[in-house]
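One-letter residues, chain by chain:
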Amino acid sequence: MDHRYGLMSSEELLEIYSLTKTATSVHRGEDAVIESANQAMLKIWGKDSNVIGKSLLDALPELGGQPYPDMFRKAWLDGKTCSGQGSPAELKVDGKISTYYFDFEYLPIKNSEGKVIAVLNSAIDVTERVLKEQAIEKAEQILTSLQGYKDIISVLEETRKELHELNSELEERVERRVIELAESEERFQIMAEGTELLISVGDEDNNRIYFNKRWENVTGRKIEELLRNGWVDLIHPEEKQQFINAYMESFKKREVFNMEFRMPDSKGEYRWYLCQCPPRFRSDGSFAGYIASCLDITMRKNEEIRKNEFIGMISHELRTPLTSLNGFIQIMKTRLDAMNRDNFERALNKSQIQINKMSKMIAGFLDISKLESGSLELQQEPFQLSELLKEVVEELSFMHSTHKITFQSTCSLRVFADRNKISAVIYNLVGNAIKYAPPGSNIKIQCSKDKAGLMVRVKDQGPGIEKSEMEKIFGRYYRSKGSPTVSGFGIGLFLCREILIKHEGNIWVESEEGNGAQFYFTLPEHAV
Ligand code: ADP
C-alpha cells in the first residue's frame, strides 16, 4: 500500500524512522490502525510485526480503559498534537502486564490541504528514569516522615527524661513519706510504751490491732490474748453492758467515746478507769477506727466517793446538835414559869456545849476549805504553851466527866504561834482520846522540853492504832476501819498536821494495837 505523506511515501518515512533509535509507529483512522512500527516500538509493545494492519486496541487490547486510544482519536480528528512526559502505560510484555513510562508524542501529519493523513507516534521508554525519580521521591518522603519520626523521638526522649525525673522525685517523696511514717510509728510506740496509760488501737471494722505493754501488766493477759479475745469481759458487771452499748453507738456514729468503768488489776482488786476514744480519720476523710486510752482514776474516784460520804456525814452530824438545841429551847419555852434557876442553867449549859460542838465542826470545815484554796493564815503571837494546855484540859474535863484527864508540865516555855489554831490541835487530840478510849479510862497530857523545842504528848488507854494505819490517819478524810461506829469526818488529824507544819512543828503517833495511843506534837521554842 502506498500512502503518500507530502513528498515521501509511508515506506520512505518508516525507513527514515527505523533508522532512529526512537520507537516510532504510524497510525491511521479513528481506531489508530497500525500502518507501520519500527523494531524499537514493537519491542516496547512486546509484540511482533503481526500487529501491522490491526487497530490499536486489537493489537494491544491491554490499552482498553487507558487514555491512549482516545488521544490517538483526538490527534486524528482534531489534528492536534498530544504528548506526555513520563506517562504510565500498562503493557503486556512477555505475557505479563507491567507499567512502563514514556515520553511520547502523537503528531498528526497533514497533507497540503491540511487534512490529517496519518498520526506519527514516537515514544521513548523512560521507565528506568521515572522509577528512579519515584524511588528518590519515595526516599525523600521516607526521609521527611523520618524527620517527623525524629521529632517524635526527640519529644519522646524529652518526655522519657521528664518521666524519669518525675519518677525519681516520686520515689524520693514516697521514700520520705515511708521514713516519716516509720518515724511517727516509732514516736507513737515510744509514747504508747512509755506511758502509764492503757493504750489500744482498733481499725475501721472494730478489729483490735494494738495494745501497749501496760495492758499486759494491768490485766495479766498476754498481748496476743488481748488481740485475740479482747478485755471487755473484765469490766465490772455493773458497767459492762452499758459500756458495750455506748461504745457500739459511738462506733456507728464515728463519734468520740468516753466512759468510766471498773476493771480488776492482776491481784483481782477493782480499779476505776476513764476510757477516752477519739475516732481516727485518714487524710481522705475516711474513718480508720479508734485510739483508746484508759487512765487509772481510782484515787480521784475514791476521793469523790469519800467527799460524797463526807457531805452526807456533815449533814448528819450538824443535824444532831441542832436537834438537841431545838429540844432544849422548846423545853425552856414551854416550862419557863415552872423551871427553877438550876434546871434553867443546866439547859443553857447543855445548849452551849452543842453550840461549841457545832462551832468547832464548822471552824474545822472552814480551815479545810482555806487550806485547799491556800488562804489559811496564821495569827502568830508569843504565849506560854503550858498555860494553853491547862485551860483546854480544864474545859474538856468540865465538859466530859466520863474520863479522867490529867495534865503534867515539866517546863514553862514560850512559843510563837497561832493560839487559836494550836488550841484546835489540842482539842482534837484530847477530843479523839475521849472519843476512842473507853469511859472511865485515863487520859494523860504532858508537856516537856525537847531538842527541837517543846513536845506535847497525849496518851490514852483506848484501842490503839494498827501499824499500817499510823501514817494514813493523818490523811484527808481518812478514818480507820473500826471508826465508822464513832462519829467523825476524818479531817481532825489532817488539820493538826497541816497547822503544825505551818508552824515548822511536827506530829506523829506511837501505839501498840489494843494498848492505847500516844500522840506527840512539837513546836519550836520562841527565842525572846
Ligand atoms: P475522826 O476522828 O473524825 O474520824 P481524825 O482525823 O481525828 O478524824 O482521826 C482519824 C482517824 O484516826 C480516826 O477515824 C480514828 O480511826 C483514828 N484515831 C484518831 N485518834 C485516835 C485515838 N486516840 N485512838 C484510836 N484511834 C484514833
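Since we're looking at a predicted model, the values are computed, not measured.

J.: What exactly am I supposed to notice about helix α8 (residues 237-253) here?
T.: Residue pairs three or four apart in sequence face the same way in an α-helix, which turns once every 3.6 residues. In this model α8 runs 25 Å from its N-terminal to its C-terminal C-alpha over 17 residues, within 8% of the 24 Å that 1.5 Å per residue would give. All of the buried residues in α8 are Glu239, Phe243, Tyr247, Ser250 and Phe251. Against the buried residues of α8 lie β10 (257-264), β11 (270-277) and β13 (287-296). Among the residues trailing α8, arginine 254 stands out with phi positive, at a value near 55°.

J.: How do you make sense of the domain arrangement of the chain when you look at a structure like this?
T.: As a measure of interface size, the accessible area lost when the parts come together is often cited. One can read the domain layout of the chain as domain 1 (3-193), domain 2 (195-296) and domain 3 (377-523). The straight-line distance from the C-alpha centre of domain 1 to that of domain 3 is 132 Å.

J.: How should the pattern of salt bridges be read in this particular structure?
T.: If the charged atoms of two oppositely charged side chains come close together, the side chains can form a pair. If you walk through the whole model with that rule in mind, you get 27 salt bridges. Salt-bridge contacts for arginine 300 lead to glutamate 260; the nearest nitrogen and oxygen are separated by 2.8 Å. Of the two residues, arginine 300 is situated in helix α9 (residues 298-334) and glutamate 260 in strand β10; the sequence distance between them amounts to 40 residues. With relative accessibility at 40%, the residue arginine 300 sits in the partly exposed group. Two residues, lysine 301 and glutamate 260, come together in a salt bridge whose shortest N-O distance is 2.5 Å. With lysine 301 in helix α9 and glutamate 260 in strand β10, this pair connects stretches of sequence that are 41 residues apart.

J.: What exactly am I supposed to notice about the sheet that holds strand β15 (residues 404-409) here?
T.: Pairing between the strands of a sheet comes from backbone hydrogen bonds, and it takes one of two forms, parallel or antiparallel. The five strands lie next to each other as β15-β17-β18-β20-β19, forming an open sheet whose pairing is mixed. If you trace the sheet from one side to the other, it starts and ends with β15 and β19 (506-511), each paired once. Ignoring which end each strand starts from, the neighbouring axes of this sheet average 15° apart. As paired elements, β15 and strand β17 (residues 442-450) share six bridges and run parallel to each other. By the bridge assignment for β17, lysine 404 is matched with asparagine 442. Across the sheet, helix α12 (residues 419-436) lies against β15, β17, β18 (453-459), β19 and β20 (517-523), angled at about 175° from β20, the strand it touches most.

J.: What am I meant to see in the sheet that holds strand β4 (residues 33-37) here?
T.: Within the open sheet, the five strands sit side by side as β4-β3-β7-β6-β5. Their pairing is antiparallel. In this open sheet, the two strands that pair with only one neighbour each are β4 and β5 (82-93). The sheet shows a mean angle of 35° between the axes of neighbouring strands, direction not considered. The pairing of β5 with strand β6 (residues 96-110) spans ten bridges and is antiparallel. Across the sheet, residue serine 87 finds its bridge partner in β6, namely phenylalanine 102. Lying on the sheet, helix α4 (residues 68-78) is in contact with β3 (23-28), β5, β6 and β7 (116-125); it crosses β7 at an angle near 140°.

J.: Help me understand unusual backbone geometry, please; the structure alone is not making it clear to me.
T.: Trans peptide bonds make up most of the peptide bonds, and negative phi angles are found at most residues other than glycine. Unlike most non-glycine residues, alanine 32 shows phi in positive territory, near 55°. Within the secondary structure, alanine 32 is located in the loop between β3 and β4. The backbone of asparagine 206 shows a phi angle near 70°, a positive value even though the residue is not glycine. One can find asparagine 206 in the loop between β8 (198-202) and β9 (208-211).

J.: What should I look at first to understand the environment of isoleucine 473 in this one?
T.: Here isoleucine 473 shows up in the loop between β18 and α13 (492-502). Along the sequence, isoleucine 473 and isoleucine 109 sit 364 residues apart, while their C-alpha atoms lie 150 Å from each other. Residues contacting isoleucine 473, with those up to four places away along its chain left out, are Ile465, Tyr478, Leu493, Val509 and Phe519.

J.: I tried to follow the side chain of arginine 497 on my own but got confused; where do I start?
T.: Relative to the elements of secondary structure, arginine 497 occurs in helix α13. Polar side-chain contacts of arginine 497 include one of 2.7 Å to the side chain of glutamate 471. With sequence-adjacent residues up to four places away left out, arginine 497 is seen in contact with Glu471, Phe474 and Ile507.

J.: So what exactly am I meant to see when it comes to a nonpolar patch on the surface here?
T.: A cluster of nonpolar side chains, namely Ile142, Leu143, Leu146, Tyr149, Ile152, Ile153 and Leu156, defines an oily patch on the protein surface of about 720 Å² accessible area. Residue placement: tyrosine 149 occurs in helix α5 (residues 127-193).

J.: Could you clarify how one ought to interpret the packing of aromatic side chains in this entry?
T.: Aromatic ring pairs: the centre-centre distance and the angle between the two ring planes describe each pair. Applying the stated criterion to the full structure yields 19 aromatic pairs. Centre to centre, the rings of tryptophan 231 and phenylalanine 261 are 5.4 Å apart; their planes meet at 35°, and the pair counts as tilted. You can see tryptophan 231 sitting in the loop between α7 (223-229) and α8 and its partner phenylalanine 261 sitting in strand β10, a full 30 residues away along the chain. Comparing tryptophan 231 with phenylalanine 261, the two get one shared label, buried. Geometrically, the ring pair formed by phenylalanine 261 and tyrosine 273 is stacked, given 5.8 Å between the ring centres and 25° between the ring planes. Placement of phenylalanine 261 in strand β10 and of tyrosine 273 in strand β11 is noted, with a sequence separation of twelve residues between them. We classify tyrosine 273 as buried; its relative accessible area is 3%. Sitting over the face of the ring of tryptophan 272, lysine 301 holds its NZ or CZ atom 4.5 Å from the ring centroid.

J.: In this structure, what is going on with the side chain of glutamate 62? I would like to understand it.
T.: Looking at the element boundaries, glutamate 62 is found in the loop between α3 (56-59) and α4. Aside from chain neighbours lying at most four places away, what touches glutamate 62 is Lys47, Glu90, Leu91, Lys92 and Ile97.

J.: Explain the nonpolar core here, please?
T.: Side chains of a nonpolar character, in soluble globular proteins, are inclined to be buried together. Among the nonpolar cores identified, the biggest contains 40 residues, and Leu385, Ile422, Ile445, Phe519 and Phe521 are the most heavily contacted of them. Elements with a contribution of two residues or more to this core: α11 (385-399), β16 (414-418), α12, β17, β18, α13, β19 and β20. The dominant element in this core, judged by the number of residues it contributes, is α12, at eight residues. Discounting chain neighbours no more than four positions away, the residues touching leucine 385 are Leu413, Val415, Ile422, Cys447, Leu454, Val456 and Leu523. In this structure, Ala23, Leu56, Ala89 and Tyr100 belong to the second largest nonpolar core, which totals 29 residues.

Definitions and limits used
- Sequence order as written defines residue numbering, which begins from 1 separately in each chain.
- Reporting in this predicted model follows two pLDDT cut-offs: at least 70 for local features of residues, and 80 or more for side-chain atom pairs to be given and counted; totals over whole chains, interfaces and linings ignore these cut-offs and use all residues.
- Values shown for side chains rest on all heavy atoms present in the structure; no hydrogens or waters enter the calculation.
- Strands are runs of DSSP state E lasting at least two residues, helices are runs of H or I lasting at least four, and both sets are numbered from the N terminus onward.
- Take the residue count of a helix, subtract one, and multiply by 1.5 Å to get its expected span.
- A simple rule labels every residue: compare its accessible area, found with a 1.4 Å probe on the protein chains alone, to the largest value its type can have, and call it buried under 20%, exposed over 50%, or partly exposed in between.
- Note on contacts: a residue pair qualifies if any of its non-hydrogen atoms lie within 4.5 Å across the two residues.
- Domain delimitation follows an automatic or database domain assignment.
- In what follows, salt bridge is the name for a side-chain nitrogen of Lys or Arg lying within 4 Å of a carboxyl oxygen of Asp or Glu.
- At least two bridges found by DSSP between two strands is the condition for calling them paired.
- Axis angles are defined between N-to-C directions and span 0 to 180 degrees, where every axis is a line fitted to C-alpha atoms and, for a helix, only to the segment in contact.
- We call two N or O atoms a polar contact when they sit within 3.5 Å, provided that within protein one can donate a hydrogen and the other can accept it, with sequence-adjacent residues counted only if both atoms are side-chain atoms.
- Exposure above 30% relative accessible area and the lack of any salt bridge qualify a residue for a patch; like charges then connect within 9 Å, and the nonpolar side chains Val, Leu, Ile, Met, Phe, Trp and Tyr within 5 Å.
- For the accessible areas, the method is Shrake-Rupley and the probe is 1.4 Å, while residue cover comes only from the protein chains on display.
- We call Phe, Tyr and Trp rings a pair once their centres come within 6.5 Å, taking the six-membered ring for Trp, and we label the pair stacked below 30 degrees between planes, edge-to-face above 60, and tilted otherwise.
- The criterion for a charge sitting over a ring is simple: Lys NZ or Arg CZ within 6 Å of the ring centre, and within 35 degrees of the ring normal.
- Joining through side-chain atoms within 4.5 Å is the link that ties buried Ala, Val, Leu, Ile, Met, Phe, Trp, Tyr and Cys residues into a set, and such a set is a nonpolar core.

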